[in-house]
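Geometric and topological summary
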Amino acid sequence: MGSGSTKIISYDDASKRFLAVDLERIETTFRDLTNGTSELSYTSFKRDVFAHFLPEKLAARLYQVCTSSSKSCMSLKDLVCCLALIYYGTTKERMQLLYLLFAHNTSNSNGTLRWQDVQDFLSQCGDHTPEELDRIFQNHDEIVTQEKFLSWLEHHQGHTTTITDWLMDDQRLHELILSSIDRTLDQYSILAGVTHLFDNEIKDLQKSYQHLCTYSNENRQHQITLQTFSNILTPVLPPILIPGVFDAIDENCDGCIDFKEFVCGVSAACRGPQYERYKFLFRVFDRDHDGCLERSDIVHMSSCLIDVAQFVYVLSIHMNDSPDLYADNILQKIDNKKSTEMKSIKQEDFLNWCATDPLVEELIELIFQICHVVLGLKPATKQDEITIVKQFLRREQYPFVEAQSGVSSKVYHWINCNRSTSKPGSSWYLISKDWWTRWEASANINSTELMTPNLHKKNSSSKLNKLSNGTDYKREPGDIDNSILIEKNSSNNTRIVNDDCVQLRPGLRHNVNFEMVPESIWLFLRKYYRINGPVICRKVTYRKKLNKPELDLYPLLIKIYRNQVLTPQQMQTIATNNQATNSPSAYSVYPLLNLVTANVFGTTASSTSIPNNIQRHYLSCSYYVSPYQTVRSLAEELSAKFGKTLDETRIWIRFNENDLRQIDFESSNDITCEDAGFEQNREILLETRNNDLTWPEELYTLAIRSKTNTSQSTTSNNNSSTNVDDEGRGLIGLSNLGNTCFLNAAVQCLSHSFPLTFYFLHKYHLFEINKDNPIGMQGNIALRYGQLVARLWGNVRGPLAPFELRDSVAKFGSSRFTDFQQHDSQEFLSFLIDGLHEDLNRVYHKPYVELKDSDDRPDEDVAYEHWANHLARNTSIIVDLFHGLLRSQVKCRVCDLKSVRFDPFNNLSLPLPVDTSISIEIKLIRLDGSRPTRYGIRLDGDSPISQLKTQLSTLSSLSIEQIGFFESNSSFGLRRNPLMDIDQTKIKQITSRDLTAYEIPLNKSLETSNEKVSSINRSTSYIIALHRRLERQERYLSPMTRHKIVFFGQPILISYDKNSISEEKITNQSIYQIVYKQLGRLLRKNKDLTNSSNHALDCDDSLKEGYPFTLKYVNEDGKKCSICSWNRFCLGCSLEANDKEFNYVDGNLAIEWESSAYYLRYLSNREQDVEIYPSVKPTRTSNNDYNTDDPYSIVRLEDCLESFIKWENLDNKEMFSCKRCKKLQPADKKLDIWKLPPCLIFHIKRFQLSNNRWIKSSRPVRFPIHSFYPSNYIAQRSLVHKSLQFRPVNDNLSSSSSSLSSTTTPEAVSSSSTDTMLVLSPSRLVNGTNHHSKSTNEPIIGLPPPEHIDESVKKKKKKHFGRRRKKVEVESSENTLNPPRFSQMEERTLSFGDNSFDVDNAAYNLYALVCHYGVIGGGHYVAFVKNHTNQQWYCFNDSSCKPVSESVLEQCSSSAYLLFYQRETLDHRRYMPNVEGKKQVANELSLTNDDRWCSIM
């Protein structure tokens, strides 16, 4: 203790005043609280020693006094001295402690007592200074010594202040020490009192109950639902019986089995006298719970018993009867004992009949076994244990033996189909016969004879008999040791993943060397016997030639290989050979990928850059498989063991490192390991996808092919260069080169843009390469893309590696797409389209164009001018197909001046409609005790709270004054939500989206005066009542903390108006009735406990008539009494249920439950039971989790277009320079679509910046697939220009586009020549309508045949592209290119009506889309495209290409990112340039038979 307290008592003296058991308890509790630090903090001192009863100042002063001066925290010795002084100290010792409490002051080091110190201390403790104490201080200046203070205390006996009264009241301290709390029994003792079970058995059942609750991941209520119960019992009980057994255990009929019901149900089903078990069966078949079995119930019972006979293989005379015939037989038996005809069976008649039917005994025995093996009850005796196991085992082993005589083939087939333990893949365990024999002999039971178990397991009429049967018995068999079954001479030292499938000795036989048990029996035995040795597991298999299951005792041992992870030394070796890599950091992550890139582009001179001694694969482990199991099941097992999904796993048969054969288990689910070629010690390669989505084998094969550059056949049978019919072209995937799914998806979609692909496959681009474009890429992007398209639509099967295109993008474009990181597919697509346009731009000398202001000119004139300026500088196949025109308007908010400009686009980025609404759910609790109702309300974030209250008032039919919002917390109980009482509060200011509201009783005194009820006045119209109970603690420090206050349930409001002037007085009894009425739905009624309860008949339920709780006066937090002072340490004064007038003072009421009443009558599972109002479903969405059935969360593509073209307010940072106001002004901005391209690309902006952080929105966007009319969203034209038409000067579209644009001068772009410029490129304005194509007789020319590669062609020297000042024509090669020429339209007119440059309101069809799955930092792009040749949709997932139905696209609403549309009337021939007479500008890049293009897919 402190310096003062050490003079009072020593530790040795203090410890002697405690009993040894109490001192040991204090030491143990102190050690637990301090976590081994041996220092008790002040916070713990207040909470764990005095339960927060002491005033703050007093607790702090006592902590300082009792703590040693050399330490800052209290030690164990200090605590023992403190407790000994308070509870076991003499009167003089406690008076000395009081003096130290008053005199202990940091400013007063001499230990004297001053008046000011005393007055301040008492004031801070909430006490007043007594007159008696005032008398010993003369003029308040005298310093009082300890002797004078002690004599004063002795004279007044301490009854002057609450502090002195606390330590000087011997009687109260003695009551605290000896107060009994036996009434706070734990639930184990209480449940043992109403069942035939013991405390330790109930504790074991609690562990089993918790395990069963988590059996299903969907069960979040920690209770057993019917679905969970069905999943548990389906393997061991006929399904028809499961609902009845569930209802028999579920006494409350609330759809859930709580722990109390679980224990009582197990006890009633398999313990106690026989007639109690018959009563349990009666509840199983009494489906309507009316106390009698009607005709329908009896027929249902007959069906159940017939299924039981089949399930347990009992030859019964009723097995072949119909349920109706069996039911008539039952009624007839009972009728013979009655004089009247029976139409229903009461419980008494049922109990008498049960003893006469053998199938009832079979059902009782089956439930008895299930309660022990599955539900976790420990057998009462060793005999019971052995009988349970052998009965259970005989039934489960039956399908593995031949059908017995007398059992029909129909029954045997039913057994094999419905017995879960005999289905393929089920686990069975082997146990040594030696141990099994010792186990059988431990209860003196013959191993070949099955004894009928004694159904009268325990007679509960005597506690002595109950106690004797509950003693644990000695288990003699010892540990389970299966070492004798293992092959000891096995030379395999490789780790085996499935260790429980070890190699057995040859020649083992069932019932001779081992016994086989199902998994449920194995788990049952493991609870009571240790395992000393290997665990031997075998799977159930089915041979095609046999009609019964069997265990594969000797499965195949296969070797699992994995892809090698290169060591740093190997990485360094590869890195030294690769000297031209741009990013040094890439070596450590993608060494092979950089190696492939280097070899493909010739950056290394040596052909031996890959060390030959590097092993591609390594032996990971061995694995046992059955030759009869499917390869798909093996893949599922291996992927789960190695932490991968099935989509990230591929299986190969490994003949050697360079000879692999893939097993396609996805296309054929029934292929077995034997059919796939599995043999003993077969080497299997388990390939798992890398984190960057690449396949290791693809990268390794690419590296080897680029190194050797030979024409050897690849290891995949799919990589053959065979002829491909037209319908199979364009179905080649692209290998992922390291997070390049963004590139693969964009290229696949662009490749299936048929007019562009037609252009490249017919080699038009070789006549239009523009190498002199200063902002182009010297033709590399176009040539590389054309090369890739030729291979994608060629005659090679298998995925391609787009190294050349990726390298060209890095070299001539942007290196940001080659750093192996996640990238945006839309950004890459825009870059690729721009790159193709610049490389194919027909304008070689771009004129200078001056952008003029609109100056209030008609929009049509400004649009013509901007489009002409655009065509003067940009003319290509990309412009023809993908370029449209946008109108941008900025309007001054002051003078309404508009500034208009037009800009071209190649894709439209559409924003998702901004939803500023907030969804809030409110649970409303009413005063009548009915089920709470949960309402859903959606409001704008800027709406005030008053709107929320108004809507809730409308939904609930309560006035706004009757609704109050509350918040609950363990520290303050229940209190009004202050934020919700301010009507001006915005919805977005509410932090919680799940609110609790109560129906508040109206203040009648204020109603009569017609006054507006304020929140302060409303608080006086009700009393808050909190649920609590006392829970005994095994470890505590002081008598005040030996019980813990546990709060539970939902607090309630009691209608009470303190200021009421009504003559009707409220009594204590009426308060109890109000509380009981509100708690009615949470209570088990006494009548239910007698009629449908599973309680033991001879138990004392301790449920007398009356209230199961006691009301007590408590403060606001519900932990202390609101009447007594703190030094009484009162938890609450009881409110007697009598007719006295209720005298409410202050604070709350506590609904304190007796332990037995809480565990036996309180239905805790109904606390969260609420009625869901229909308005909740639409609101249960979040920003990134949308319900596809919710109309609020789903948007249409049309909605995105509406958001795109609506006015937007510019903030103050984007002020508009108004020419009319001649200064910066606030403005509004609007975008409109003016011209639609033939191929229209939409980009849905799913990635948004929120709170300085990028997030992805998964909001569903429904997009049309057919007949989409985007022309509905084109800007309206003025009527003056509707009939304006232009006729082209030159009918030859292609020649005019190419020749004239190349000679365009800046003067040609003047305003006077605007019309001429429009005529120069009419195809960019007409947009390829089909009006003229229908009348022409053009030949239908499809795609050119795939290019066949001449094996004798030598590798040409790589040509490097440099910038040239003059246009150079390439000499024609041996095979002169001759792309098809199409005759042009005789007449073209340009209409500038309502549909911009479009002649009609053409419809668009979807032909491709890119989907993004996952999160923003680790997502994946997948492309869905429609093949132009066969009109079939395909899914391109990197190297994978699979056909899908069009309905799959509807499931992509939450992931759709890029949408590709094409005009229905599009005629691709009208966009092909006329190259007749022109010379080839560039040579095509050589396409050698280099297998580096192909992976081993």
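Quantities reported herein were computed from a predicted structural model and do not represent experimental measurements.

Reading the values: rules and limits
Residues numbered from 1 in each chain as written. Predicted model: local features only at pLDDT ≥ 70, side-chain atom pairs only at ≥ 80, totals over all residues. Heavy atoms only, no water. Helix = DSSP H or I, 4+ residues; strand = E, 2+ residues; numbered from the N terminus. Contact = heavy atoms within 4.5 Å. Areas by Shrake-Rupley, 256 points an atom, 1.4 Å probe, with all protein chains shown as cover. 1 Å grid on protein atoms, 1.4 Å probe; cavity = no way out; pocket = protein on both sides within 12 Å on 5 of 7 lines; lining within 4 Å. Points joined across faces, edges and corners; volume = space filled by probe spheres on them. Nonpolar A, V, L, I, M, F, W, Y, C, P; charged D, E, K, R; others polar. Buried < 20%, exposed > 50% of the residue type's maximum accessible area, 1.4 Å probe, protein only. Pairing = 2+ DSSP bridges. Axes fitted to C-alpha atoms, helices over the stretch in contact; angles between N-to-C directions. Phe/Tyr/Trp six-rings, centres within 6.5 Å; stacked < 30°, edge-to-face > 60°. Salt bridge = Lys/Arg side-chain N within 4 Å of Asp/Glu carboxyl O. pLDDT = per-residue confidence, 0-100.

The helix and strand inventory of the chain stands at 47 helices and 44 strands. Here the analysis covers contacts within the chain between residues at least 6 apart in sequence; of these, 76% occur between residues at least 24 apart. On the chain, roughly 67800 Å² of surface is accessible, and the fraction owed to carbon and sulfur atoms is 47%.

Turning next to empty space enclosed by the protein. Applying the stated criterion to the full structure yields ten cavities of 30 Å³ or more. Each pocket or cavity is described by its volume, and for the largest cavity that value is around 150 Å³. Together, 15 residues line the largest cavity, and Ile 925, Pro 932, Gln 1050, Ile 1052 and Arg 1081 are the ones closest to its centre. Taken together, the residues of the lining of the largest cavity sort by class into six nonpolar, five polar and four charged.

A few words on unusual backbone geometry. Residue His 52 is not a glycine yet carries a positive backbone phi of 65°. Here His 52 is to be found in the loop between α3 (42–48) and α4 (56–66). His 52 gets classed as partly exposed once you look at its relative accessible area, which sits at 37%. Phi angles above zero are rare outside glycine, and Asn 511 is one such case at about 70°. Looking at where Asn 511 falls in the secondary structure, it is placed in the loop between α25 (463–469) and β6 (514–518).

A word on the environment of Leu 98. For Leu 98, the position within the fold is in helix α6 (residues 91–103). When the C-alpha positions of Leu 98 and Leu 167 are compared, they lie 7.7 Å apart, and in sequence the two are 69 residues distant. Once residues lying within four places of it in the same chain are set aside, the contact partners of Leu 98 are Phe 149, Leu 153, Ile 163, Thr 164, Leu 167 and Met 168.

Our next topic: the sheet that holds strand β7 (residues 536–542). Taken in spatial order, the four strands make up an open sheet running β6-β5-β7-β8, and their pairing is antiparallel. Edge positions in the sheet fall to β6 and β8 (549–551), since each has one partner strand and no second. When the angles between neighbouring strand axes are averaged without regard to direction, this sheet yields 35°. Across three bridges, the pairing between β7 and β8 is antiparallel. Directly across from Thr 541, in β8, lies its bridge partner Glu 550. Helix α22 (residues 382–397) rests against β5 (427–432) and β6 of the sheet, and its axis sits at about 85° to β6. On the sheet, helix α26 (residues 519–526) packs against β5 and β6 and is oriented at approximately 100° with respect to β6.

Taken as a whole, this structure holds 54 aromatic pairs when the rule is applied. Judged by centre distance (5.8 Å) and plane angle (35°), the rings of Phe 149 and Trp 152 are tilted. Here Trp 152 and Phe 149 lie together in helix α9 (residues 146–156), a separation of three residues that amounts to about one turn. For the pair Phe 149 and Trp 152, one class covers both residues: buried. Taken together, a centroid distance of 6.2 Å and an interplanar angle of 65° make the contact between Trp 166 and Phe 1129 edge-to-face. Placement of Trp 166 in helix α10 (residues 162–168) and of Phe 1129 in the loop between β25 (1109–1114) and β26 (1133–1135) is noted, with a sequence separation of 963 residues between them.

Evaluation of the coordinates by the stated rule reveals 47 salt bridges. Residues Asp 324 and Arg 295 are paired through a salt bridge, measuring 3.6 Å at the closest nitrogen-oxygen approach. Pair noted here: Asp 324 is in helix α19 (residues 323–335) and Arg 295 is in helix α18 (residues 295–311), with a separation of 29 residues, a long-range link. One salt-bridge network, in which partners are shared between bridges, spans Asp 859, Arg 887, Lys 1230 and Asp 1232.

Below, the discussion takes up the environment of Tyr 209. Structurally, the position occupied by Tyr 209 is in helix α13 (residues 199–213). Note on Tyr 209: relative accessible area 6%, which makes it buried. Considered as a pair, Tyr 209 and Gly 376 are 167 residues apart in the sequence and their alpha carbons are 8.1 Å apart.

In this model, the chain carries a mean pLDDT of 77, and residues with pLDDT of at least 70 account for 74%. No element of the chain has a lower mean pLDDT than helix α46 (residues 1314–1320), at 33, and none a higher one than β25, at 94. Taken together, the stretch residues 574–610 has pLDDT below 50 and engages in 68 contacts with residues farther than four places along the chain or on a different chain. Contacts for the low-pLDDT stretch residues 1384–1399, under 50 throughout, to residues beyond four places or in other chains number 71 contacts.

Glancing now at the sheet that holds strand β10 (residues 617–625). Two orientations exist for strands paired in a sheet by backbone hydrogen bonds: parallel and antiparallel. The strand order across the open sheet built from five strands is β10-β9-β13-β11-β12, with neighbouring strands paired in mixed fashion. Only two strands of the sheet have a single neighbouring strand rather than two, namely β10 and β12 (659–662). Between one strand axis and the next, the sheet turns by 35° as a mean value, whatever way the strands run. Note that strand β11 (residues 649–656) and β12 share four bridges and pair antiparallel. From the neighbouring strand, Arg 654 faces β12, where its bridge partner is Leu 660. In this fold helix α29 (residues 631–641) packs onto β9 (556–563), β10, β11 and β13 (683–688), with an angle of close to 120° to the strand it touches most, β10.

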